[in-house]
Amino acid sequence: MISKTLRAFGVLMACLGVTVAVPAAAHNVASIHEGLAGHSTAMALNVNHGCKGSPIVGLRLQVPDGITDAKAAYDPHWTIEYKMRKLSEPIDFHGRMINEVVGEIIWKDPKNGSLPANSWYPFKFRMTLPNEPNRVLHLKNITLCEEGTDPYIDMPEVALDVNDEDFAAKTWAFMTATATPAPFLVIRAAEKKQYPWEWTPAQARGEREGTRQRQARAD
Ligand SMILES: [Cu+2]
């Protein structure tokens, strides 16, 4: 157990090139670790440092299968490029048949210079999460630096399964097993659709509960 812990710290130190113990959050991570199935979701890929001390000049983000509308936020610092991915068969996208989707978002050519190697920076985007509750979505990405790259593309040896009773422990083990794990988020079942907006059943019950309490006080 001790050697395992030391090994985990070892790779983290190697990743940062410093001699303090740091959490796995020093890797590139998603700004949220859970999201709702079928909901359009704003998030960021948070980059915590450059590549072995080299300044950051961009990021490549691979859009996972099942996502049809990934889009970067407007960001005056970067040129944003989309690489399209052909679909095996056309899909209906808001009433229009499409046969390709965004497969990769690339932020590049910083307009006001590279980000210093010790920067923290959120590369912002949004995407509609697939209607696949309990799927663990990995966001493979590569930090681009003046010298070299940091590819956060390592996947778990065995796919993470939210129904596994050791899910949390296995997730942490994955995040600390290598210096460059692919960030992830868990898709949760949504209690209600995003649009049109409505109360959840619980919120609706709470509303009636409040009404009863007001009535009780009035009596
Ligand atoms: Cu790191």
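So, here is what we can say about the structure in this document. On a predicted model such as this, the values are computed, not experimentally measured, just so you know.

A tally of helices and strands in the chain yields 3 helices and 12 strands. A buried classification covers 21% of the 219 residues belonging to the chain. When contacts within the chain are restricted to residue pairs at least 6 apart in sequence, those whose partners lie at least 24 apart make up 73%.

So, on to the sheet that holds strand β2 (residues 34-36). Strand order in the open sheet formed by 3 strands is β2-β12-β9, and the pairing between neighbours is mixed. In this open sheet, the two edge strands, each paired with only one partner strand, are β2 and β9 (136-138). Each strand axis lies, on average, 35° off the axis of its neighbour in the sheet, ignoring direction. The pairing of β9 with strand β12 (residues 184-188) spans 3 bridges and is antiparallel. Bridging from a neighbouring strand, Leu 137 pairs with Leu 185 of β12.

Our next topic: the nonpolar core. With 27 residues, the main nonpolar core has Leu 45, Leu 59, Leu 61, Phe 123 and Leu 139 as its most contacted residues. Put simply, the parts of the chain that give this core at least two residues each are β3 (40-47), β4 (56-62), β7 (96-108), β8 (121-128), β10 (141-145) and β12. The dominant element in this core, judged by the number of residues it contributes, is β4, at 4 residues. In this view, Leu 45 contacts Asn 28, Ala 30, Leu 59, Leu 61, Phe 123, Leu 139, Asn 141 and Pro 183; residues no more than four positions away in its chain are not counted.

All right, on to the pairing of β8 then. Both β3 and β8 contribute to a ladder of 8 bridges, which runs antiparallel. Residue pairing across strands places Ala 44 opposite Lys 124, the latter belonging to β8. Taken together, the 2 bridges between strand β5 (residues 71-72) and β8 define a ladder with antiparallel strand orientation. When the bridges of β8 are listed, Lys 71 appears paired with Arg 126.

Thresholds applied
Residues numbered from 1 in each chain as written. Predicted model: local features only at pLDDT ≥ 70, side-chain atom pairs only at ≥ 80, totals over all residues. Helix = DSSP H or I, 4+ residues; strand = E, 2+ residues; numbered from the N terminus. Buried ≥ 20, exposed ≤ 12 C-beta atoms within 10 Å, placed from the backbone. Contact = placed C-beta atoms within 7 Å. Pairing = 2+ DSSP bridges. Axes fitted to C-alpha atoms, helices over the stretch in contact; angles between N-to-C directions. Core = buried A, V, L, I, M, F, W, Y, C linked by C-beta atoms within 7 Å.

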